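Residues per chain, in single letters:
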Amino acid sequence: MFCSKCGTQLLDEANFCWKCGLPQKEGVVAEEPRYEACEISWRYTLPQPIFAIKKFQFVAVAIGPTGKRVVAETPLLSTGSARRACPPLASTDGRAAWDQSHEAVDAMIIALVADGWEYQGPFGDGRYWQKSFRRRVKQQTDKKA
Ligand SMILES: [Zn+2]
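Here is what the cut-offs are and how they apply
Residues numbered from 1 in each chain as written. Predicted model: local features only at pLDDT ≥ 70, side-chain atom pairs only at ≥ 80, totals over all residues. Helix = DSSP H or I, 4+ residues; strand = E, 2+ residues; numbered from the N terminus. Rg over C-alpha atoms; globule rule 2.2 N^0.38 Å. Contact = placed C-beta atoms within 7 Å. Core = buried A, V, L, I, M, F, W, Y, C linked by C-beta atoms within 7 Å. Buried ≥ 20, exposed ≤ 12 C-beta atoms within 10 Å, placed from the backbone. Expected span 1.5 Å × (residues − 1). Arc of directions from axis to C-beta. Domains from an automatic or database assignment. Pairing = 2+ DSSP bridges.

A. View of the overall build of the protein. Secondary structure assignment for the protein yields 1 helix and 6 strands. Its helices and strands taken in sequence order, the protein reads β-β-β-β-α-β-β from the N to the C terminus. Against the compact-globule benchmark of 15 Å for 145 residues, the protein has a radius of gyration of 22 Å, which places it well outside the compact range. Counting contacts in the protein only where the partners sit at least 6 residues apart, residues at least 24 apart contribute 36% of the total.

Here you go:
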């Protein structure tokens, strides 16, 4: 038989078109793929005294069916100076701190993608760490006999 939507050839007993997902039998409902979302933000690692050099880290926070959780975090980073923006916002905020922050974010992105997260684009103000991802939630198969 052929899919009535996309014309792909299917096995006669197919419940779904393997190509477009159209149900091929009555009473068969296509499972909506469900996604969990993930965004990279940052946090102070400890309460920061006002005039101290800031210590912080970038964190990847996922929101899914089981709630909110941190799925990745960078090592502790430093602004290198109490007067500089945290996180560094420009290379003028200390070249070393700027480079270190970018390397940490890039490494985190590589790790997230290796872990199955698909890059979705920037969010918020589009700062270099403000990247969003999604990942398909594995369906719990609880088929009833
Ligand atoms: Zn089809």
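What follows picks up the thread again.
B. Quick look at unusual backbone geometry. Of note, the amide linkage connecting Cys 86 to Pro 87 takes the cis form, showing an omega dihedral of -10 degrees. On the secondary structure map, Pro 87 appears in the loop between strand E4 (77-78) and helix H1 (95-114).

C. Region of interest: the nonpolar core. With 16 residues, the main nonpolar core has Cys 38, Ile 40, Phe 58, Ala 60, Val 105, Met 108 and Leu 112 as its most contacted residues. Only strand E1 (35-44), strand E2 (55-64) and H1 provide two or more residues apiece to this core. When neighbours within four sequence positions are excluded, Cys 38 is seen to be in contact with Ala 60, Val 61, Ala 62, Val 71, Leu 112, Trp 117, Ser 132, Phe 133, Arg 134 and Arg 135.

D. Structural view of H1. Between the first and last C-alpha of H1 there are 29 Å, a value that for 20 residues agrees with the 28 Å anticipated at 1.5 Å per step. Regarding H1, the residues found buried are Ala 97, Trp 98, Ser 101, Ala 104, Val 105, Met 108 and Leu 112. All buried residues of H1 fall inside an arc of 135 degrees around its axis, so they share one side. Exposed side of H1, more than 90 degrees from the buried face: Arg 95, Ala 96, Asp 99, Glu 103, Asp 106, Ile 110, Val 113 and Ala 114 are the residues found there. Buried residues in H1 make contact with E1, E2, strand E3 (67-73), E4 and strand E6 (131-136). Positive phi appears at Gly 116, one or two residues downstream of H1, with a value of about 100 degrees.

E. Structural context of the domain arrangement of the protein. According to the domain assignment, the protein contains domain 1 (1-31) and domain 2 (35-136). Each of domain 1 and domain 2 was reduced to a C-alpha centroid, and the two centroids are 43 Å apart.

F. Examining the pairing of E6 more closely. Where E1 and E6 come together, 5 bridges link them in antiparallel fashion. Within the sheet, the bridge partner assigned to Tyr 35 lies in E6 and is Arg 136. Bridge analysis of strand E5 (residues 118-122) against E6 gives 4 bridges, and the strand direction is antiparallel. Bridge pairing links Pro 122 to Lys 131 in E6.

G. Seen up close, the environment of Pro 33. Turning to its location among the elements, Pro 33 is positioned in the segment before E1. Take Pro 33: there are 9 C-beta atoms within 10 Å of it, and that puts it in the exposed class. Separated by 105 residues in the primary sequence, Pro 33 and Lys 138 have C-alpha atoms spaced 8.7 Å apart.

H. Representation of the environment of Cys 3 in the model. The residue Cys 3 is located in the segment before E1 in this model. Among the residues examined, Cys 3 registers 18 C-beta atoms within 10 Å and is labelled partly exposed. With 114 residues separating them in the primary sequence, Cys 3 and Trp 117 have C-alpha atoms 31 Å apart. Beyond its immediate chain neighbours, meaning those up to four positions away, Cys 3 contacts Thr 8, Leu 10, Cys 17, Lys 19, Cys 20 and Leu 22.

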